[in-house]
Amino acid sequence: MKVSTIELSADFKEIIILALGDLHEGDRLSDGTLLKDRLNFIKKTDNCFVMLLGDLIDNAQPDSPGKNSAWYGRPHEQMEYMADTLLPIKDRIIGAVDGNHEARTAKHGFDITAVMLGKIGVPLTRYSPDGLYTFLNFGQETRPDGKGGKRKIPYQIYMNHGTGGGKTAGGKVNPLYGMKDIVAADLYIRGHTHLPAGLPGIVLQPDLRNHTIIEKPVFFISVASSCKYGGYGETGSYTPLSNATPYVYLCGTRKAMDIDYGVRRTF
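## Digging into unusual backbone geometry
Despite not being glycine, Asp22 has its phi angle at roughly 55 degrees, a positive value. Despite not being glycine, His192 shows a phi value in the positive range, around 80 degrees. With respect to the helices and strands, the residue His192 is situated in the loop between strand S8 (187-190) and strand S9 (197-207).

Shown next, in the form of structure tokens:
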């Protein structure tokens, strides 16, 4: 598990976290308009920051499925395309992990994500081919008694691309909930299943100073894909899934989180 620390401005009263994953650019069923819409939102929204969750490209190779891909067997071209696509938002990318589609060439020594991030100038300290744990600090909070000065609000985010999932919603969500058994965090983000979900939860944890048990709010996020229904999903009788992916809102004046699917909210 790789650990990264991100310090954002104390002036932010709120930030939006948008996870981009399972885009599958190059797949004949990938809907590029969805990515364009999300990129436009990011560019015009100064307090929106991005986590890259893998499977950004289809990356079909001779030893993998997907021979109908527009970029079959041409990983460098796919990497160049995605680098150009993400270049305008490079300063908003605060974390990235690999997906199983990027792993198709990583196992042969070509780490597409690392090369792409290096090309556009995103620090590789923010990238892990596996899981990434991010300490994210921004905004400012003043103690009610006026003592202690102001401090940034700390959030912890754990994400990985994920594996498995099956056909049922329960089979897809259970591994998402299981992320809390790996490490403690405020926000857990996962992809791979193509099921969009934003689920609130709580974790009971000890307060060592006051010798009591407190309820810690957490959120579980599963990102949608950008693919239209068809292909192996239809052949395998998988349920069609929405492409509406969750947007996460983190408060910068107190510790608080919220989720919607692109409808603007404020604290």
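Moving on from the model shown.
## Side note on the sheet that holds strand S12 (residues 257-260)
Pairing is mixed across the open sheet formed by six strands, whose spatial order is S5-S4-S3-S2-S11-S12. Lying at the two open borders of the sheet, with one neighbouring strand each, are strand S5 (127-128) and S12. Pairing of strand S4 (residues 93-97) with S5 involves two bridges; the strand directions are parallel. From the neighbouring strand, Ala96 faces S5, where its bridge partner is Tyr127.

## Concerning helix H1 (residues 32-44)
In a regular helix each residue adds 1.5 Å, so 13 residues correspond to 18 Å; H1 covers 19 Å between its end C-alpha atoms and thus fits that length. Taken as a whole, H1 has its buried residues at Leu34, Leu35, Arg38, Leu39, Phe41 and Ile42. The buried residues of H1 all sit within an arc of 160 degrees when viewed along its axis, so they share a single face. Residues of H1 that are exposed and point more than 90 degrees away from the buried face comprise Lys36, Asp37 and Lys44. Among the structural elements, strand S2 (14-20), strand S3 (48-52), helix H2 (75-86) and strand S11 (247-251) are those in contact with the buried residues of H1.

## Side note on the nonpolar core
One recurring pattern in soluble globular proteins: nonpolar side chains tend to sit buried together. Counting residues in hydrophobic clusters, the biggest one holds 30 residues, and the most contacted among them are Leu20, Ile42, Leu52, Leu86 and Met116. The set of elements that each furnish at least two residues to this core consists of S2, H1, S3, H2, S4, helix H4 (112-120) and S11. The element best represented in this core is H4, accounting for five residues. Leu52 has contacts with Leu20, Leu86, Ile93, Gly95, Ala96, Val97, Met116, Leu117 and Met159, leaving out every residue within four places of it along the chain. Counting residues in each nonpolar core, the second largest holds 29 residues, with Ile15, Ala19, Ile157 and Leu187 among its members.

## Points about the side chain of Ser4
Considering the arrangement of structural elements, one finds Ser4 in strand S1 (residues 2-7). Owing to a relative accessible area of 5%, Ser4 belongs among the buried residues under this scheme. In contact with Ser4, not counting residues within four places along its chain, are Thr125, Arg126, Leu132, Tyr133, Thr134 and Phe135.

## Considerations on the pairing of strand S6 (residues 132-142)
Of the pairings in the sheet, the one linking S1 to S6 comprises six bridges and is parallel in character. For Thr5, the partnering residue across the bridge sits in S6 and is Phe135. Pairing of S6 with strand S7 (residues 150-160) involves nine bridges; the strand directions are antiparallel. Note on S7: the bridge partner recorded for Phe135 is Gln156.

Reading the values: rules and limits
Along every chain, residues carry numbers that run from 1 in the direction the sequence is written. Reporting in this predicted model follows two pLDDT cut-offs: at least 70 for local features of residues, and 80 or more for side-chain atom pairs to be given and counted; totals over whole chains, interfaces and linings ignore these cut-offs and use all residues. Side-chain numbers here rest on the full set of heavy atoms in the structure, without hydrogens or water. We count a stretch as a helix when DSSP gives it H or I for four or more residues in a row; a strand needs E for two or more, and each element gets its number in order from the N terminus. Strands pair, by our definition, only if DSSP identifies at least two bridges between them. A helix is expected to span 1.5 Å multiplied by its residue count minus one. Exposed residues in this analysis have more than 50% of their type's maximum accessible area, buried residues have under 20%, and partly exposed residues fall in between, with area computed by a 1.4 Å probe over protein chains only. Think of it as the arc spanned by the lines of direction from the helix axis to the C-beta atoms. The contact rule is simple, with two residues in contact once any of their heavy atoms fall within 4.5 Å. For this analysis, a nonpolar core means a set of buried residues of the types Ala, Val, Leu, Ile, Met, Phe, Trp, Tyr and Cys, connected via side-chain atoms within 4.5 Å.

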